[in-house]
Amino acid sequence: MQVLDIAVTKVDHLGMLLAQIADLEAQAETLKNELKQEEGHIEGNLYKACVTLSQRKTVDNKAVYAEANVPAELIEKHTKTTAVISLKVTAR
């Protein structure tokens, strides 16, 4: 039973940390959006930031494959598969 108690404590601790992180990330995102309204260098007392505008291009691979009539077998042949372990923590 002691192993179960330790696991529950770790799960609760992780859940609390993730909740704090989510709150901090929301606060950070709000500040980032406010700072993005200014362009150029922004000086603080401890930190400085630089806001720049750029354009990013991406390729829609699925659209290219479809337009080029690439066979599904060829796409599958060159598709990498990676093992992933997931952990989801939710409040009770």
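Okay, so let's go over this structure.

Overview of the overall build of the protein chain
A tally of regular secondary structure across the protein chain gives three helices and two strands. For the protein chain, the succession of helices and strands along the chain, N to C, is α-β-β-α-α. Taken over the C-alpha trace, the protein chain has a radius of gyration of 23 Å; the compact-globule value for 92 residues is 12 Å, which it surpasses by more than 25%. When its C-alpha atoms are laid out on the principal axes, the protein chain stretches across 55 × 50 × 20 Å. Taking all 92 residues of the protein chain together, the buried fraction comes to 3%. Of the roughly 9,600 Å² of accessible surface on the protein chain, a fraction of 57% belongs to carbon and sulfur atoms. The averaged location of the 13 negative side-chain charges in the protein chain is 6 Å from the averaged location of its 11 positive side-chain charges.

Here we look at the environment of V89
Of note, V89 is situated in the segment after helix 3 (72–77). Along the sequence, V89 and L74 sit 15 residues apart, while their C-alpha atoms lie 38 Å from each other. In this view, V89 contacts V11, L14, G15 and L18; residues no more than four positions away in its chain are not counted.

Here we look at the pairing of strand 2 (residues 48–51)
Regular strands have side chains that alternate between both faces of the sheet. Where strand 1 (residues 40–43) and strand 2 come together, four bridges link them in antiparallel fashion. Bridge pairing in strand 2 links I42 to A49. Hairpin geometry of strand 1 and strand 2 is characterised by an intervening segment of four residues between the two adjacent antiparallel strands.

Observations regarding a nonpolar patch on the surface
A cluster of nonpolar side chains, contributed by L17, L18 and I21, occupies part of the molecular surface with about 230 Å² of accessible area. Counting through the fold element by element, L18 comes out in helix 1 (residues 2–35). Classification of L18 as partly exposed rests on a relative accessible area of 39%.

The rules behind the values
- For every chain, the first residue of its written sequence is number 1, and the numbers climb from 1 along that sequence.
- Two thresholds apply to this predicted model, a pLDDT of at least 70 for residue-level local features and 80 or more for giving and counting side-chain atom pairs, whereas whole-chain, interface and lining totals are computed over all residues.
- Side-chain measures here rest on the full set of heavy atoms in the structure, leaving out hydrogens and waters.
- Each helix corresponds to a stretch of at least 4 residues labelled H or I by DSSP, and each strand to a stretch of at least 2 residues labelled E; elements are numbered beginning at the N terminus.
- Here the radius of gyration uses the C-alpha set of atoms, whereas the globule reference equals 2.2 Å times the residue count to the power 0.38.
- When a residue's accessible area, from a 1.4 Å probe over protein chains only, is under 20% of the maximum for its type it is buried; when over 50% it is exposed; and in between it is partly exposed.
- Each accessible area value is a Shrake-Rupley result obtained with a 1.4 Å probe; residue values ignore everything except the protein chains displayed when judging cover.
- All tallies of charge rest on Lys and Arg as positive and Asp and Glu as negative; His and the ends of each chain are not included.
- Just so you know, the charge point we use is NZ for Lys, CZ for Arg, CG for Asp and CD for Glu.
- We call two residues contacting when some pair of their heavy atoms lies within 4.5 Å.
- DSSP-based pairing: two strands are paired if at least 2 bridges between them are found.
- In this scheme, patches are assembled from residues that exceed 30% relative accessible area and form no salt bridge. Like charges are connected within 9 Å, while nonpolar side chains (Val, Leu, Ile, Met, Phe, Trp, Tyr) are connected within 5 Å.
- A side-chain nitrogen of Lys or Arg and a carboxyl oxygen of Asp or Glu constitute a salt bridge if their distance falls within 4 Å.

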